[in-house]
Amino acid sequence: MRELNSGTFASATLASKKPPVDPRTDFVSLGCMTQLVTSLTVHASSPHKDAASWVKAAKESGKTVRWSTSGATTMHALIGHLFLDATGVKNQKVPFKGGSKARGALVAQKVDAAFNGVHLVKGFENDIRPIGVPLAKRDPANKNVKTFGEVGMPGIDIGGPMCVWGPKGMPADAQTKVKAAIKGVAGKKGFKKFMKKSGLAAFHITDAGATANLNKLFDTFGPLVAKLMKK
């Protein structure tokens, strides 16, 4: 069994010319306990408090916005592409190997913005500020950050649940036990407290919900990754 971010599972598979496995056919979902959420993040000195204000200013400036992210085709990078393409903001992606390095570029003001995990703002609140997330509802761990849809921006509803996956053919009784354990852990106060310290929310997503989310990620990211791979 493995615990993986569904967004990473999907994006890594799509970006590989010969993926060793396909999570949709080679694994079974057992449920999720939290999720990674992408945010549009700006430097603390920025006057913008939400995504609409930032987009308006970016377009009026006529300049090319340089944005950092955790990799060329990670979930965060793909969401950045989807949002910026939909809003018509001229942009240049600056990919790094990992979210902390992408955050560092924004802290040092070497880029204009970042599309990165919102949890990475924790501990850097005096340096950077999240101004929007691509969810239908606000992230439970960051309730002060508005969704893109709330401010009239394209309503991209994409998150990256952290799910446990078992091998195809895993015995049904073993699946049942693990699913129950995942649900139990997600509801424990200690686990919720631990997740909160990391800037994440703890909640349970069923195996069916995880599978539906994974399929949605493949459907949403597939055409974009194919386009990026041609460049």
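Look up: the structure comes first, before these words.
Draft legend 1. Looking closely at helix H3 (residues 51-61). Listed in full, the buried residues belonging to H3 are Ala51, Trp54, Val55 and Ala58. The buried residues of H3 occupy an angular sector of 95 degrees when the element is viewed end-on, so they sit on one face. Relative to its buried face, H3 has exposed residues pointing more than 90 degrees away, namely Lys56 and Glu60. As for H3, its buried residues are in contact with strand E3 (38-43), strand E4 (65-69), helix H4 (75-87), strand E6 (113-117) and strand E7 (128-132). Two or three places before Ala52, at the start of H3, stands the capping residue Asp50, its side-chain oxygen 3.0 Å from that residue's backbone nitrogen. Backbone geometry just after H3 places Gly62 at a positive phi near 75 degrees.

Draft legend 2. Here's a closer look at the pattern of salt bridges. The final tally for this structure, using the stated rule, is five salt bridges. With a closest N to O distance of 3.1 Å, Asp22 and Arg24 form a salt bridge. Exposure remark for Arg24: the relative accessible area of 41% places this residue in the partly exposed category. Salt-bridge contacts for Glu150 lead to Arg138; the nearest nitrogen and oxygen are separated by 2.8 Å. Of the two residues, Glu150 sits in the loop between E7 and strand E8 (160-167) while Arg138 sits in the loop between E7 and E8, which places them 12 residues apart along the sequence. Judged by its relative accessible area of 44%, Glu150 falls in the partly exposed class.

Draft legend 3. Summary view of the pairing of E7. Within E7, five of the five residues are buried, which leaves the element mostly enclosed by the surrounding structure. The pairing of E3 with E7 spans four bridges and is antiparallel. Each bridged residue has a counterpart across the sheet, and for Leu40 the counterpart in E7 is Gly132.

Conventions adopted
Residues numbered from 1 in each chain as written. Predicted model: local features only at pLDDT ≥ 70, side-chain atom pairs only at ≥ 80, totals over all residues. Heavy atoms only, no water. Buried < 20%, exposed > 50% of the residue type's maximum accessible area, 1.4 Å probe, protein only. Helix = DSSP H or I, 4+ residues; strand = E, 2+ residues; numbered from the N terminus. Arc of directions from axis to C-beta. Contact = heavy atoms within 4.5 Å. Polar contact = N/O pair within 3.5 Å; in protein donor to acceptor, adjacent residues only side chain to side chain. Salt bridge = Lys/Arg side-chain N within 4 Å of Asp/Glu carboxyl O. Pairing = 2+ DSSP bridges.

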